[in-house]
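# Coordinates in review
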Amino acid sequence: MDSSADASGPAEPHPLSGGERREYERLRGAAAVRHRRLRHAGACVLLVLAILLSPLAVVATWLQEEITDPHRYVQTVAPIARNPGVQSAVTNRLTKRVVDRVDVPAITAHLAKNLNKTGAPSVVVNGTRMLGGPLESALTNAVHHVVHKAITSEQFPLVWDAANRRAHAAVVKVLTGEGNSAVQARGNAIVLDIGTLVDNVKQRLVRAGYEKAAKFPHIDRQFTLVRTDKLDKAQGAMRLLDVLGTWLPAVTIVLAALAVWVSPAHRLTLLAAGIGTAVMMIALLVGLAVVRGVYLDSVPPATLPRDPAAFIFDTLVRFLRESTRTLLVVAIVTAVAAYLYGPGRGARAVRSAAARGTGAIGRGLARVGARTGGFGRWLDTHRAWTTGVAITGGALALVLWNHPTPASVGLVLGIVVGVLALLGILAGAAGPAASGRPGHP
């Protein structure tokens, strides 16, 4: 054995021959291609899931808020009581119900009988039968005037909102089984707790002089309103909706973010995510339009005229439409931003025009003495970083915005564009060092 080999340590690796190096490069390229294909496949799966879940997430969030948030629900239904068409329809329906309960023929018959007893001429007695039509018309006009005055008063919307708030709270407490309420869920039954009513009656009786009422034995204070085997299913659906409305939007956003992160082509994946989400939001708006038409065709005009029915439907789904349009605008802005960051001719032209414009303004400020110096040169050097911070800040503002609208998206977009333009102007006003940098527009 050669001791010199042991003393000198491991032998130097044998250099690859030309053929071995070519084979190594081939295997390395094949592994890279397989890895890239796996990343593309994973990104495509995640992106498709995120796009398909986006409309479900919007609908689930809307339903969860409408069902669990009393303020949001009352805010949704409040305009219904203030719409003239709905007020007119409700007035006519209530008037008809009141008049239908009045037996006009019985009244005219009773009048004829009394006239006959007093010895009135037969022509007068027989003429009372002709009073039915005018009497019913007069009664209808009188009732319609009273009902219309009540419904169009300033108090009716307040009563409407309060009634809806109480009803919504009772339904939510029944479906969730949480909170204290007179109406509660007990097993497969909805019961009314009349304990407060019993105590109140006993106190009133004692104050009225019936002292023995205070010694009434304990009675069952639970009055069963409805007994159904579907209550557990309704409560289960409520719990599922609460989970979906809370977590489905977050899961959708995480899937889209993972798709962009996993993909080898981040910009193209972001562009695809924006376009796909925009298409799904348009499909959701079209679906709402179709459902609206089906609903209006299913409502008999005798039950509810078409215009009030359309207003009620549009009012109930207006927040869903608004959320869908907001996400549509966000998706379009995302797709446009992803395109403008690309190598396309149009994107390069827009970036160059923006850089020339902000740079010209900045250099003009520098010529009049308003130079930003080192700070401007730092901004010029770190353009990519500052641009990312501005865009991230805008996205975070929309995420934290409570119920954003297309107008709020436009506001945030305008602020972000204004900040980017200001940064470009400040960088251009740094002075000759920045403007003289190679490649600077």
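Residues numbered from 1 in each chain as written. Predicted model: local features only at pLDDT ≥ 70, side-chain atom pairs only at ≥ 80, totals over all residues. Heavy atoms only, no water.

Further remarks concern the overall build of the protein chain. Of regular secondary structure, the protein chain possesses 18 helices and three strands. Considering the protein chain as a whole, with its 441 residues, one finds that 28% of them fall into the buried category. When contacts within the protein chain are restricted to residue pairs at least 6 apart in sequence, long-range pairs at least 24 apart make up 77% of them. With an accessible surface of roughly 27900 Å², the protein chain has 67% of that area assigned to carbon and sulfur atoms. (Helix = DSSP H or I, 4+ residues; strand = E, 2+ residues; numbered from the N terminus. Buried < 20%, exposed > 50% of the residue type's maximum accessible area, 1.4 Å probe, protein only. Contact = heavy atoms within 4.5 Å. Areas by Shrake-Rupley, 256 points an atom, 1.4 Å probe, with all protein chains shown as cover.)

Moving on, we come to the side chain of Gln87. Within the secondary structure layout, Gln87 lies in helix 4 (residues 84–100). Here the side chain of Gln87 touches Ala81 through a polar contact of 2.9 Å, landing on its backbone oxygen. Excluding residues within four positions of it along the chain, Gln87 makes contact with Ala81, Arg82, Ile151 and Thr152. (Polar contact = N/O pair within 3.5 Å; in protein donor to acceptor, adjacent residues only side chain to side chain.)

It is worth spelling out the packing of aromatic side chains at this point. If you walk through the whole model with that rule in mind, you get three aromatic pairs. Residues Tyr295 and Phe313 carry aromatic rings whose centres are separated by 5.5 Å and whose planes lie at 25° to one another, so their mutual orientation is stacked. With Tyr295 in helix 11 (residues 266–298) and Phe313 in helix 12 (residues 306–316), this residue pair connects regions lying 18 residues apart in the sequence. For Phe313, a relative accessible area of 11% puts it in the buried group. The residue whose ring lies beneath Arg72 is Phe319, and the NZ or CZ to ring-centre distance is 3.7 Å. Cation over ring: Arg318 sits above Phe319, and NZ or CZ is 4.4 Å from the ring centre. (Phe/Tyr/Trp six-rings, centres within 6.5 Å; stacked < 30°, edge-to-face > 60°. Lys NZ or Arg CZ within 6 Å of the ring centre and 35° of its normal.)

Moving on, we get to the side chain of Ser54. Of note, Ser54 is situated in helix 2 (residues 18–68). Dropping the residues within four chain positions of it, Ser54 is found in contact with Thr252, Thr277, Met280 and Met281.

Moving on, we get to the packing of helix 11 against helix 12. Interaxial distance between helix 11 and helix 12 falls to 10 Å at its minimum, and their mutual angle equals 145°. Considering the relative orientation of helix 11 and helix 12, their crossing is right-handed. Contact residues: Leu288, Val291, Arg292, Tyr295, Leu296 and Asp297 in helix 11; Arg306, Ala309, Ala310, Phe313 and Asp314 in helix 12. A class-by-class count of the residues in the contact of helix 11 with helix 12 yields seven nonpolar, no polar and four charged. (Axes fitted to C-alpha atoms, helices over the stretch in contact; angles between N-to-C directions. Left-handed = near helix turned anticlockwise from the far one by under 90°. Nonpolar A, V, L, I, M, F, W, Y, C, P; charged D, E, K, R; others polar.)

Grouped together as the largest cluster of nonpolar side chains are twelve residues: Val58, Trp62, Ala278, Met281, Leu284, Leu288, Phe313, Val317, Phe319, Leu320, Leu328 and Ala331. Going through the elements one at a time, helix 2, helix 11 and helix 13 (318–340) are the ones with two or more residues in this core. Ignoring anything within four residues of it in the chain, the contact list for Leu320 reads Val58, Val59, Trp62 and Leu288. With ten residues, the next largest nonpolar core counts Ile80, Ala89, Val299 and Ala309 among its residues. (Core = buried A, V, L, I, M, F, W, Y, C linked by side-chain atoms within 4.5 Å.)

Turning our eyes to something else, we now look at the UniProt feature "transmembrane region" (unreviewed entry) in the protein chain. Mapped onto this numbering, the UniProt entry annotates "transmembrane region" (unreviewed entry) at residues 40–63, 240–262, 268–291, 326–342, 384–402 and 409–431. With 100% helix and 0% strand, residues 40–63 has end C-alpha atoms that lie 35 Å from one another. Secondary structure across residues 384–402 comprises 89% helix and 0% strand; the distance between its end C-alpha atoms is 29 Å. (UniProt positions renumbered as here; feature names shortened; annotations may be inferred.)

In the structure shown here, the tally under the stated rule is six salt bridges. Taken together, the shared-partner salt bridges connect Arg292, Asp314 and Arg321 into one network. (Salt bridge = Lys/Arg side-chain N within 4 Å of Asp/Glu carboxyl O.)

The residue Tyr73 is located in helix 3 (residues 70–77) in this model. Sequence-distant contacts of Tyr73, defined by excluding residues within four places in its chain, comprise Glu66, Asn164 and His168.

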